[in-house]
Structures are given as structure tokens and as C-alpha cells.
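Working through the structure, step by step
Residues per chain are reported as follows:
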Amino acid sequence: MEPTESQSQMSLPANCDAVVVGGGHAGIEAAWALGRRGHKVVLVTFDARALGRMSCNPSVGGLAKGQLAREVDALGGLMGRLIDRAGIHFRMLNRRKGPAVHGPRAQADKPAYCREAWRFLATLPSLRVVEAEVTEIETESSRAGARRVTGVRLAPPRWSRVEPGSAHSSGARRPDAPPPPGVVRLAGAAEIAAPRVILTIGTFLEATLFSGLDPRHGGRRGEPPAGALGECLRGLGLPLARLKTGTPPRLQRASIDFASLEEQPGDEPPPRFSFFEESPVRNRVLCYLTRTNARTHEAIRAGLDRSPLFGGLIHGVGPRYCPSIEDKVVRFPDRTSHQIFLEPEGLESEEIYPNGISTSLPVDVQLAYVRTIPGLECAQIVHPGYAVEYDFLQTSGLDPSLSVRGVTGLYAAGQINGTSGYEEAAAQGVIAGLNACAELEGRAPLVLRRDQAYIGVLIDDLITKVPTEPYRMFTSQSEYRLLLRQDNADQRLSRIGWKRGLLAEEDYRWVEERWGRIAAARRRLGARTVTRAALHAATSRSESEEAQTAVVSERDWGKTYEELLRKPEVTVEALPRLGCQLELPQGEWKSLEADVKYEGYIPRLLRDIAARRALEETVIPFRVAEDPPQSLSREARERLRLHRPRTLGQAGRIPGVTPCDISLLAVRIRALRKDVVKP
Amino acid sequence: MTTDTIAALATARGIAALAVIRISGPAAIPILERHFRAAGRRPPFPARSAMLGELVCGEERIDQVVALFFPGPHSYTGEDLVELMTHGGEIVPERVLELLHASGARPARAGEFTQRAYLNGKLDLTQAEAVESLITARSAIEAQAALRVLGGGLREVLAASIDALVEAQALLEASLDIQEDGAPDTLSPIWDPARESMGPRVGRLLARERARLRRLLEGARARRMLRAGYRIVFAGRSNAGKSSLFNAFLGRERAIVSPEPGTTRDFLDEPLDWEDLRIVLTDTAGAQRAKGAIAEASNRRTREALAAASLVVEVVDVAATSTEELAEDLAALNRPAGEVIVALHKWDLGAGRAWQAWLAEREGQARAAGPAGPAAGKPRAPTAVPSSVKASPDVAPLRAAIEARMRVLGSEAQATLIVAERQAERITRAVEALERAEGLLREGAGAELIAFETRGALDALGELLGRRVGHEVLEQIFSRFCVGK
């Protein structure tokens, strides 16, 4: 581990405003936010070439996840811009359903994604990237038992821990290549003084990899786990628990017979993620579909005796929404087939990601079952699939700002908080980054509400319910789903991003213009009525086009075009045919349609939000949270002491706290207020 | 439970042979051991067995009592609970309470024992409300209904409804969080779409639960009528003979009767007992054609009385009114047929052939529809009965018709599982949300809109049981769908 001449010239800063531990999707967003605000920030990672690495599937977005990615973008985060540049296959999922549940999803060229992440971060003059392992978070006691972050202790990453030649280290190599320019590669132990530390260490904490009955240490394939940090966190009194996730074997592209498989092309035009990018996005690859069959399931059953999952080796709880293939075969024995999507890992990559068969079975079993699958009869496994079991921070100790309670200056974001997925991680990264900025700048923390953003739902869910499985965003987790569309994330959040100094002024102006145009187009729709001639033209033509017959009829004469568009079966694309030109860029049509279709629900949602606002805004005083009234049930009191909800609204979402407990709490808080007023 | 201890009088104050005082909380037993000297027994006291003894304060005897000890959690409140049967009256129970309060039990707030039972999971919210309804019941019918709800009757119905709606919600949510053409990273259904598609299944669930909840509400209306007092209002045209019938019904000359139209200007209320139900008879002024302040006020008072009516007796003077005019008047009343009885007044004086034919047809229809009663379904036309006054003041047929209606109402009220207005309000909200959801489903609107409505219905029902149902939906999704990449 000899540093070269040029690397040793880069010096490690002795102090900075904030240290970001980890360079995954949460880490790069946090560092971006701090750097954009001009704060001196150090990002510590094992491998500077792995910034923004996609360690599992090669895609960004999806149902609900697409909304999250768009929200990150609307706030001024990186994710949308990176995937637009690195994307090679774009789709809008759920297109046939209502606009609230549309979700953009894109396949990425994995190396390009990392390169783009590096390109953006390299523009920040106040950011320094350091290749090292954080072994300790240094703290000092502040008042009454609370601790305060003072800095981090660093050591060179322990690449030697990954045994050469083992299955998991097949892709493992010490990064012998010199680090990118400007990166410090640490040679010996060191310290950095910093008042803020953001933990974004993913699955690396006390991580164990499983392929068969032979567990190894490792954070992900080819990379060592973060060892000493776990002890340090325990020492700080932070409660940890265990989760598990998994990844499928990667297949060699040349060994797959694609000709026999169903193609899945991207959408045209490809839907982009960023609200602000002008660069073209292009579909450059195809994905393919195949399925498991009875023989696959047989091969899997035959290997179950060597499964770490069923052999009791894995204790962490895996995600029910993303079970391993062996889990699916055992839990749903009636199903004879499961879908598999073959996704390229990149334009140049020789690896194919078979989405749908994540596994921790031994390598020989993986090969056996893979080869029963159509198209994969001769498949070669480049890297075997594995499960990773890791520690996460129990989120009952988190504040809505993502700061860790009891340790001033410490933040946590991403998988360390028990979530799963790049988008969930990025969303937390932005918030943790912005809140570290807020603390440095003496501003109020940014806490998004549940009715404002999926990010708000995500963080509120995390702090009121400790994940019992890796947390994934679903649209059904939002009670205000109709308000939180992927296409209006900018309308909801860009003002905040601009005010917080993350989103550029010109980007925010663009959002205002865009929604100004949509509102104007909508006013025109409301002012124009459907003429008999237009109706006649539309209905007479529809004699040949049966599909249109149901859409409009004589009864629609005299209605405004807005009323017409409100009908479930009328789409915005049909309006020009019905005699109404929209005078709006086509990319904005769907936003107009969604606004009109959901209009009737908005007042009811707003009423509901207003009704809840009293609860959401009633702050629970410290002494009440510390010692809840005795009239509450014992479970409620324990939960309140554990979670320390900030408001009555949050308290009400904690499992085990009943509506009745909330009324009793409200009574107590009112009584306290009166006491204050009296003297 | 580490809560404080409460004590209060469980029986009414005043002169009585006995009074019951309840103590609940961790100090219940220490207090009992300190102040209760059982005849021939020493602590620890046996559970659930009556002990005769003396209540003492130091050396002073307060009363001779019977004490019962219910150890938690097998007690009403779920905590250690002691019941003391003391002598009644103004003095003794007060002295006992003073002693208990001085020994560390604080006075209980109204309803606090039941609140503790709820908090400790001994009762759900519907049961807690049933306790209130039971002790304030004004009729045997009401008390019986409350008792059934206390036994968990309403909870069972609501829980069944919630289960079914959670299933519908899960199907809707899954359809939104699942990509139909099988995109990766999404859910895929495990049920066989060929066997049953989602839409019809959701539609059936919604319709069934809406009907079930609606039935609950029917009884609620009957209950509300009986609890507020059943108001029978005599209405009809001026000089139809409303006041004569009213008097005949009461059996005395309560209202002034004269042949002049418009004798009655205001309405008259008279209470009447029928079995154990509270009934109020109201005589109203007929519609006044004359202009002027009195006439206007009189009309307004009549409208008010009609608005409060549980049953309207539409009095029609068959000698002075045509069947068509009656039809108009009934249309103007705009009430369900089950809440109207037509009294064909002065039948003995002037029922022409038209009226004879009209009544014969009515009776024929009624016979064809089968016997009246709760099982007979809703009547389509108001019951019509002839009555006479002048020749022989015979209101027996009218009385029989009213009693028949009362019996239907009574049995509905008895069958109801709704014992509080809050319950009726939430269930109404749920029914309305379900109706909207069904409408959207029929229109082919998006599942996200239908799910919005069903979620509203679930929230309303969840509030009734004091239970949040959001997470149950997600559990359902995971148990029913093979979800996965």
C-alpha cells in the first residue's frame, strides 16, 4: 500500500465543517448539498472510483421510487441528473393507471453513473474525497450526559480482509489504479476535526456475506466491511439491529441466448428524470424477459439443505417485497413460474443482471438452477449471488432532521437507517446534508411533511416505526398519494430547494414558468365550451374508430373542455381532436390532465390535512415525552419514551399508541400550557 | 400498570339501604388491608369472594361492609379492583370515601373506571360506549341493545366489515404498486387472474359491506327516535278534523274543536305512554291560506312540528277532499311511506264511491304484500285507516295502525347495534365513502381514486374501534402477493 508520489502530495485536511462517511447514493447527495452551500466537507470512502456505485440492480426509479428520485431532483439533488446522463433504457411504469401512480424507471450504465457522480462532485471546490476507513467517531461530553461530535479517526481500508480467491472476492481487488486526481489515499491512521458527521455506510456495518454455508466478512462484493465503527456506535449507546438483503448472480452476456427471449424496449420518447436537464436522453439497449419453470424450482429445492437462509445461519430479516428465489419457491409452492428480467449492467459491460433471482444458495446450486431457465441454458456466472446481513441503526433514536438523538452533530442516512434502495438512500442523503447545512448556518432544520413529499412519508415512517424489514417506498404508504405525483415534485419542492440554496435560481425560475404555463392552459380549458361542430366532427369520425364512441356524446355539448377532461375516459391527448388546441409543450400535457382529473379530490384532501394540522403542529414538550401521563397505557408510555415524537401527529403514528392515548396527551399538553399562562 | 389509584361511589347518592364504592389501581389492596377488618380472615384476601367485616380508621369504626376483591388483570378495569358494599344514605358512603381519599386513592373522574378498562384492553370503544348507553337507557329496548353491544356485538360486525374492506383495499393498493405488465422491482399477484379479476371482487366486497353497514344505520334511526321521544304528529288540511282525532286519541278534550277552519293556530304537545316507550302526540294547525303574521307563524310552527315528527298521521276529510288532493298532500309531505299513516276521517259521514274504491284497492295491495312486520320489508304506500268521530268516536283502527308501526320500530331499535351518535356518524361516513367508491368503480375511474374512498371508509370504521387499520393493508398485500424482483 505504497502511495505514489502524486498522491502523497495531496494532504489530508486537519479539520472541516462536516465529514460524510460513505460514498453511496446517500453519501454523495449529502456531500453535494454541503459542498453546494460552500461548506468545507470531507467525503470518506474505501474507493473513490465507486462513488454512487450501484451495488445491486442497474436501475433507478420504479413505482414510488421514481417519485422519490424526482423529489431529490426537484430539491436540487444529484440523482435525476446522474441517471438522465447515465441512463440507457427509460420507461414510465404504470402508464395505464392514474397519474398519481406513474413512476419513471431507467436502466443505467453502471460505470457511467459513477463517472457522472464524480464529475458533479469534482465541481465543488470545498469538497475533498479521502480513501480511508472511518474507525471511530470522536465525541466529547457536552451538558448532562449528551455528547457532541468533534471529528473522526481514520485508517487505511483493510482490503487484506477479503480473502483472495474466495467466491466473493472474484471481483475484489485492491484499487491498484491511482485514485482520481484530487483524492487523498490514506496511508496511515489519521484524524480530522469536524463538528458534523453524516453516516451513510450502507450495509457495511458488521456485514457478513453468504453464498451457501460459508459466511464471509464483507460490505459488498469485493469490499471489506466497516469493522471498528460498529463498536464505536455501540459505545455511543446507539441501538443496532440486524437486517438482510440479497443480490442475484451476474451472468455473462455472451453466454445468453437472447434471440429466444421476449424483448422489452424502452418508452419513446424516453421519460427523463430531471426537471432541469436539457441534454437528450436515449434508449440504447433492450431488456429481456424470461421465466423460471418447474425444473428451476426442483433444482432450488434440491439445494435448500445448503441454504444459509433456511439453515438458520441468517438471522437478519429480509425484505418481504424482494424475497430471494429460494424464499419465493418455499413460500409460494403453488406458483410454477416466476418472471426474470435480464438487464444489462452497462453499454460495455459483459455482465447481465437477472432481476428476480436474488439468492444466497451455494454457487453450484445457483449454476444448476440458472441453466434450467430458457435462454440461460449455457449461461456462465460471472459473480455468484449472495445475501448480505448487516447492522442498522434503530431509527427510534432519530429525529425528523435525521440527526441522531443524544449525539449532537451526528446524522445518519440511507441503508444504515434500515431502508433499501438507491432512491430511499438518496432522499435521506439530501435531507441529512441540508440539515447539516442548516445546523452550520443556524437555520431551522428542514422537515418535509407527509402531505408534501414521499421523502416526508419515508422519514416520518422511519422515526415512528423502526423497520422490521428493509424499508421500501410504496405509493400505498402515502395517505396523500393523489397530491404526491412524480410530475409535480418540482411544484411541491423546488421552492424549498432554492430557498435552502441547493437548487440554482434559474432552475427555480424555470419551475415557476412551467407551472405558470400549465395554469394558463387550464384557465383556457375552463373558459372554452365544446361546440356542436367539434362534437359532430369527433363523433362522426368515431363511427370508424369505435374506441372514441364512448368518449364523447351529444350530451357533452356546452360543457367546458375542463369538464370534458374530468371524465375518466377522456385523455388530454384527445382534446385536439375535439377541437381544443392546448398551446402547451407536449411534455406538460400530462401535468395539466392530472391537475384536472384530481381537482375534485384536492379540497377534501386539503380539509383532511387542515384537520390534522392541529395534531401535526402540537409540539410535545420535553417533560411530557420524558414522563408521559400515567393515564396512558403502559405500552404507549414505553413507546413514547423510546421514540420521543416531536408532535402529537407523529406520536399517533407510533404502533401501540392509540387514538385515546393521543387525546389524553393532548389534554395534558393543554393543561401544561394553562399552567404557564397563569402566573 | 403503574398508575395511580382511584375511588368513587358506583351507586346513586341519597337514602338507600346499600351503596357500592369501587377502588381501582395498585393501592387498592394496600388500602383494603389497612382499613378492612374481616370477620375471621386475615390478609392476603381471597379473590372474588364476599367478605363481611368492618371498615376502620385507626380505632374508629366507619361502617360494617361487605368487601369483594378482584385481582387484575381479571377485573373490570384490568387493575386490582375492590368493591365495598357499605350502608347507604347521605353520611356513611361520604365518610368511607373520605377515608379512601385520605389513604391515597384520588376521586375518580366521570367514566374513569370504564376508561381504564378501555386502556387496559378489557373493552373496546364500542363497548365503552355501550356502558354509557346501558346506564342511561330510558327503555328496556335501549338497554337490551346496549347489552348486546357490551357483549361485543357491534365490534364483531365492524371487525368483519373492516376485514373485508382491508382485503378490498389491499387489492386496490396492490394493483397500484404492481406493474401489470410485470416490470421488475414490483409486486406480482399470486392469485389467478383467470379465476377472478380484481374489479368484480372489489365491487362485490364494497357492495356487501355497504349493505351491511347500511342495515346498522336503519336501527340507529329507530333508536334515535325512541330515545328522543317518539313524536306522532297529526297533520292535514285546515278543518280536516285533526284536533277531534287528537282529543279522541287522548280520551279528553285537550284541543279546542270547532267547525270553523283554522281553530288551531299553534301546535299542542301531549305525552302519552305506550308500553315503556315515551310518545309525544302533536296536534298541528292546518295549512293557512290567509295572509298575515299569525297565519305565517302558524304555518312555520306546523313545519317545525313536521320536521321533528317520527310518524305523521295525515288526517283527511273524505267528505271535503278528493283522492287526487290526498295524493298531492302526501307528495308534499315527502316522507318514507313507513312514517305516514293516512286517517280517512269522517268516513261515516262522507266516503263517496271514489274513496270506497281507493281504500279497497289499498287493502288489496296490503294483503298481497303479506303481513306487516319487520320482515315484511318497507311498505311502499302509507297505511290508510278509516276513522269516524261524530257517530261513534272510534279511533281503534287508527290506534291499531300506529301500534303496528311502533312495534316495527321497537324491533328495529331492539335489533340495532348502534348505541351512540358517534357510531352512527362514523358509519354514515363510511357508507357514503363506499357509495362513492362503488360509483367510481362503475365509471371505470382509476384505482387510486377508489382506494382514496375506501381508505376513508376504513378510517371511519377504525375510529369506531379506536384502531388504526393502515398497516393491516400492507400486511394483507404481503400475505397475498408473491412480491419480488
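The numbering scheme is per chain: residues are counted from 1 as the chain's sequence reads. All chains are assigned letters beginning with A, and all ligands numbers beginning with 1, in the order in which they are written. Since the coordinates come from a predicted model, pLDDT governs what is reported: local features require at least 70, and pairs of side-chain atoms require 80 or more to be given and counted, while whole-chain, interface and lining totals use all residues. With hydrogens and water excluded, all non-hydrogen atoms of the structure serve as input to the side-chain values.

1. Quick word on the overall build of chain A
Here a helix means four or more residues in a row that DSSP labels H or I, a strand means two or more in a row labelled E, and each is numbered from the N terminus. When you go through chain A residue by residue, the secondary structure sums to 22 helices and 23 strands. Values of the radius of gyration come from C-alpha atoms, whereas the globule rule sets the reference at 2.2 Å times the count of residues to the power 0.38. What you see for chain A is a C-alpha radius of gyration of 27 Å, in line with the 26 Å of a compact globule of 679 residues. With the C-alpha coordinates aligned to their principal axes, the bounding extent of chain A is approximately 85 × 80 × 55 Å. Buried residues are those whose accessible area, probed at 1.4 Å on protein chains only, stays under 20% of the maximum for their type, while exposed residues exceed 50% and partly exposed ones sit between those limits. Looking at chain A residue by residue over its 679 residues, the buried ones come to 61%.

2. Structural notes on helix α14 (residues 421-443) of chain B
All names here are of chain B. Under the 1.5 Å per step criterion, the end-to-end length of α14 is 33 Å for 23 residues, consistent within 8% with the ideal 33 Å. Residues of α14 that are buried sit in contact with α4 (125-135), α6 (153-177), α7 (198-228) and α15 (447-465). A positive phi of about 80 degrees marks Gly-444, the residue just after α14. By this rule the span expected of a helix is its residue count minus one, scaled by 1.5 Å. For this analysis, residues touch if any pair of their heavy atoms sits within 4.5 Å.

3. So, the pattern of salt bridges
It is possible for side chains bearing opposite charge to pair when their charged atoms get close. Salt bridge, as used here: a side-chain nitrogen of Lys or Arg that lies within 4 Å of a carboxyl oxygen of Asp or Glu. With the rule as written, the count across this model stands at 84 salt bridges over all chains. Here A:Arg153 makes a salt bridge to A:Glu138, at a shortest N to O gap of 3.0 Å. Remark: A:Glu138 occurs in strand β7 (residues 133-141) and A:Arg153 occurs in strand β8 (residues 147-155); sequence separation between them is 15 residues. Residue A:Glu138 is classed as buried on the basis of its relative accessible area of 15%. Residues B:Glu325 and B:Arg237 are paired through a salt bridge, measuring 3.6 Å at the closest nitrogen-oxygen approach. Highlighted residues: B:Glu325 in helix α10 (residues 323-333) and B:Arg237 in the loop between β9 (230-236) and α8 (242-250), separated in sequence by 88 residues. With a relative accessible area of 26%, B:Arg237 lands in the partly exposed category.

4. Observations concerning the packing of aromatic side chains
Aromatic pairing here means that ring centres of Phe, Tyr or Trp (its six-membered ring) are within 6.5 Å. Orientation follows from the plane angle: under 30 degrees is stacked, over 60 is edge-to-face, and everything else is tilted. In this structure the tally under the stated criterion is 9 aromatic pairs over all chains. Look at A:Phe46 and A:Phe204: their rings are 5.7 Å apart centre to centre, the planes differ by 80 degrees, and that puts the pair in the edge-to-face class. With A:Phe46 in the loop between β2 (41-45) and β3 (59-61) and A:Phe204 in the loop between β11 (196-199) and β12 (208-210), this pair connects stretches of sequence that are 158 residues apart. As far as burial versus exposure is concerned, A:Phe46 and A:Phe204 are alike and both buried. Ring centres of A:Tyr601 and B:Phe452 lie 5.5 Å apart, and the angle between their planes is 85 degrees; this geometry places the pair in the edge-to-face category. Linking A:Tyr601 in the loop between α17 (589-597) and α18 (602-617) with B:Phe452 in helix α15, this pair reaches from one chain into another. Assessed through its relative accessible area of 16%, B:Phe452 is described here as buried. Over a ring means this: the NZ of a Lys or the CZ of an Arg is within 6 Å of the ring centre and within 35 degrees of the ring normal. One cation-aromatic arrangement involves A:Arg472 over A:Phe474; the distance from NZ or CZ to the ring centre is 4.9 Å.

5. Some thoughts on the sheet that holds strand β23 (residues 410-412) of chain A
Pairing between strands is defined by DSSP: at least two bridges between the two strands are required. Spatially, the 6 strands line up as an open sheet ordered β9-β6-β2-β1-β11-β23 (chain A), and their pairing is parallel. Among the strands making up the open sheet, the edge pair consists of β9 (184-185) and β23 of chain A.

6. Regarding the domain arrangement of chain B
Each domain's extent was defined by an automatic or database domain assignment. What the domain assignment reports for chain B is domain 1 (6-116), domain 2 (153-224 + 418-478) and domain 3 (228-412). For domain 1 of chain B versus domain 3 of chain B, the separation of C-alpha centres amounts to 56 Å.

7. Here we look at the pairing of β2(A)
All names here are of chain A. Within β2, 5 of the 5 residues are buried, which leaves it mostly tucked inside the rest of the structure. Here β2 shows no split at all, with Val-41, Leu-43 and Thr-45 on one side and Val-42 and Val-44 on the other all buried. Of the strand pairs in this sheet, strand β1 (residues 18-21) and β2 are connected by 4 bridges, and their pairing is parallel. Paired with Val-21 across the two strands is Val-44, which belongs to β2. Orient the strands so they point away from the viewer; a crossover is then right-handed if the path from the first strand over the helix to the second runs clockwise. Following the backbone out of β1, through helix α2 (residues 25-36) and into the adjacent parallel β2, one traces a crossover that is right-handed. The sheet contact formed by β2 and strand β6 (residues 127-131) spans 5 bridges and is parallel. In the sheet register, Val-44 faces β6, and the bridge partner there is Val-130.

8. What about unusual backbone geometry?
Residues and elements named next belong to chain A. The omega angle of the peptide bond from Glu-268 to Pro-269 is -5 degrees, so this bond is cis rather than trans. Backbone geometry at Asn-94 places phi at a positive 60 degrees, although glycine is not the residue there. Residue placement: Asn-94 occurs in the loop between β4 (87-93) and β5 (103-108).

9. A closer look at the pairing of strand β12 (residues 311-317) of chain B
Side-chain positions along a regular strand alternate between the two faces of the sheet. Residues and elements named next belong to chain B. The buried fraction of β12 is high, at 7 of 7 residues. Residues Leu-311, Val-313, Val-315 and Asp-317 of β12 are buried on one face, and the alternating residues Val-312, Glu-314 and Val-316, pointing to the opposite face, are buried as well. Pairing between β9 and β12: 5 bridges, direction parallel. Along β12, the bridge assignment pairs Val-233 with Val-312. Assessed by its sense of winding, the connection that carries the chain from β12 through α10 to strand β13 (residues 340-345) is right-handed.

10. Side note on the sheet that holds strand β15 (residues 250-252) of chain A
Residues and elements named next belong to chain A. With antiparallel pairing, the 6 strands of this open sheet are ordered in space as β16-β17-β18-β19-β15-β20. Of all strands in the sheet, those bounded by a partner on one side alone are β16 (262-264) and β20 (381-383). Pairs of neighbouring strands in the sheet enclose a mean axial angle of 40 degrees, with direction left out of account. Lines fitted to C-alpha atoms define the axes here, with helix axes fitted over just the stretch in contact, and angles between the N-to-C directions of these axes take values from 0 to 180 degrees.

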